[in-house]
Amino acid sequence: MSVYALSQCLIAIAIVFDILSFQFKQKQKIVACLSISGVLITSHFALLEQWTATVLMLLATVRYFVTIFTHSKRVMSLFLCLNTFGLILTFSGVLSVLSFAGSSLQTIAAFCQNDRRLRQFMLIGTSIWLVNNIVLGSPAAVVMEILFISSNLIAYYRYYGLVIHAKNSN
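Rules used throughout
- Residues numbered from 1 in each chain as written.
- Predicted model: local features only at pLDDT ≥ 70, side-chain atom pairs only at ≥ 80, totals over all residues.
- Heavy atoms only, no water.
- Helix = DSSP H or I, 4+ residues; strand = E, 2+ residues; numbered from the N terminus.
- Buried < 20%, exposed > 50% of the residue type's maximum accessible area, 1.4 Å probe, protein only.
- Contact = heavy atoms within 4.5 Å.
- Areas by Shrake-Rupley, 256 points an atom, 1.4 Å probe, with all protein chains shown as cover.
- Lys, Arg positive; Asp, Glu negative; His and termini not counted.
- Charge placed at Lys NZ, Arg CZ, Asp CG, Glu CD.
- Core = buried A, V, L, I, M, F, W, Y, C linked by side-chain atoms within 4.5 Å.
- Expected span 1.5 Å × (residues − 1).
- Polar contact = N/O pair within 3.5 Å; in protein donor to acceptor, adjacent residues only side chain to side chain.
- Axes fitted to C-alpha atoms, helices over the stretch in contact; angles between N-to-C directions.
- Parallel < 35°, antiparallel > 145°, perpendicular 65-115°, else oblique.
- Left-handed = near helix turned anticlockwise from the far one by under 90°.
- Nonpolar A, V, L, I, M, F, W, Y, C, P; charged D, E, K, R; others polar.
- Disulfide = S-S within 2.5 Å.

Q: Whenever I open this one, the overall build of the chain confuses me. Can you help?
A: The helix and strand inventory of the chain stands at eight helices and zero strands. Counting only residues that meet the buried cut, the chain has 48% of its 170 residues in that class. Taking all contacts inside the chain whose residues are at least 6 apart in sequence as the whole, residues at least 24 apart take part in 68%. When the accessible surface of the chain is summed, it comes to about 8,300 Å², and 73% of that surface belongs to carbon and sulfur atoms. Where the 11 positive side-chain charges of the chain centre and where its 4 negative ones centre are 17 Å apart.

This is the structure in structure tokens:
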């Protein structure tokens, strides 16, 4: 099996955990699934020699685990600084900038105590990762991000309804 094929297989497994993640309402279960997925996605990027994305996904995996225990803005700031340091150390162009932006928004999301805000920030960050994976040319990762966005939107609708409906019900 080629390195590229193996990277795509790892993403296929990560897809299962991503889809599961937003079907839970409890933040701890959401981020536990995202942590497992993060290990697989980190390996995917390493196999493709995308070092900024590898470093940022490794940090994300640790970050998701940490946010089970704390929502400290100081800890969030630490992870945002680590993201910046990772970008500086591994910068290689537009893919580095895209993965940095997506990861930074997902860092903010992970430290949201409110699952509604977590879902909103995660949607934006995931959309940026989608663009990153399109530019990278990783079809399994593109599918993963589309499914992740879809799963997030379905769960958001299940828990909160349409945005218009939510505003009218307040």
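Okay, back to it.
Q: Would you take a moment to explain the nonpolar core for this structure?
A: When a protein is soluble and globular, its nonpolar side chains tend to lie buried together. Ile11, Ile41, Phe45 and Tyr64 are the most contacted members of the largest nonpolar core, which totals 30 residues. Those elements that provide at least two residues to this core are α1 (3–21), α2 (27–47), α3 (51–66), α4 (73–90), α5 (94–110), α6 (115–136) and α7 (139–160). Counting residues per element, this core draws most heavily on α2, which supplies six residues. When residues no more than four places from it in sequence are discounted, the contact partners of isoleucine 11 are Ile41, His44, Ala140, Ala141 and Met144.

Q: Explain α6 here, please?
A: Quick reminder: α-helices carry 3.6 residues per turn. Residues three or four places apart thus point the same way. When the terminal C-alpha atoms of α6 are compared, their 30 Å separation across 22 residues agrees well with the 32 Å that a helix rising 1.5 Å per residue should span. Tucked into the core, α6 has its buried residues touching α2, α3, α5 and α7. A positive backbone phi angle near 85° is found at glycine 137, which sits one or two residues after α6.

Q: What is the right way to read the environment of threonine 70 from this model?
A: For threonine 70, the position within the fold is in the loop between α3 and α4. A residue is classified by how much of its surface remains accessible, and threonine 70, at 23% relative accessible area, is partly exposed. A C-alpha to C-alpha distance of 35 Å links threonine 70 and proline 139, two positions 69 residues apart in sequence. With sequence-adjacent residues up to four places away left out, threonine 70 is seen in contact with Val75 and Phe111. Separated by 3.0 Å, the side chain of threonine 70 and the backbone nitrogen of serine 72 make a polar contact.

Q: Would you mind going over unusual backbone geometry with me for this structure?
A: Most of the time, phi is negative for any residue but glycine, and the peptide bond is trans. The backbone of glutamate 49 shows a phi angle near 55°, a positive value even though the residue is not glycine. As for its position among the elements, glutamate 49 is in the loop between α2 and α3. Glutamate 49 gets classed as exposed once you look at its relative accessible area, which sits at 57%.

Q: Is there a simple way to explain the packing of α6 against α7 in this structure?
A: Two numbers describe how α6 lies on α7: the axes approach to 9 Å, and their chain directions differ by 160°. The angle between α6 and α7 falls in the class roughly antiparallel. Two packed elements cross with a definite hand, and for α6 against α7 that hand is left-handed. Listed contacts from α7 to Asp115, Arg116, Arg119, Gln120, Met122, Leu123, Thr126, Ser127, Trp129, Leu130, Asn133 and Ile134 of α6 are Ala141, Val142, Glu145, Ile146, Phe148, Ile149, Asn152, Leu153, Ala155, Tyr156, Tyr159 and Tyr160. Considered class by class, the residues forming the contact of α6 with α7 number 15 nonpolar, five polar and four charged.

Q: I'm lost on the state of the cysteines in this one. Help?
A: Every disulfide links exactly two cysteines, by a covalent bond between their sulfur atoms. In this structure the tally under the stated criterion is zero disulfides. The closest cysteine sulfur to the non-disulfide-bonded cysteine 33 is located on cysteine 112, 18 Å from its own sulfur. Cysteine 112 provides the cysteine sulfur closest to cysteine 81, a residue in no disulfide bond, and the two sulfurs are 18 Å apart. Taking relative accessible area as the criterion, cysteine 81 reaches 52% and is therefore assigned exposed.

That is the geometry; function is a separate question.
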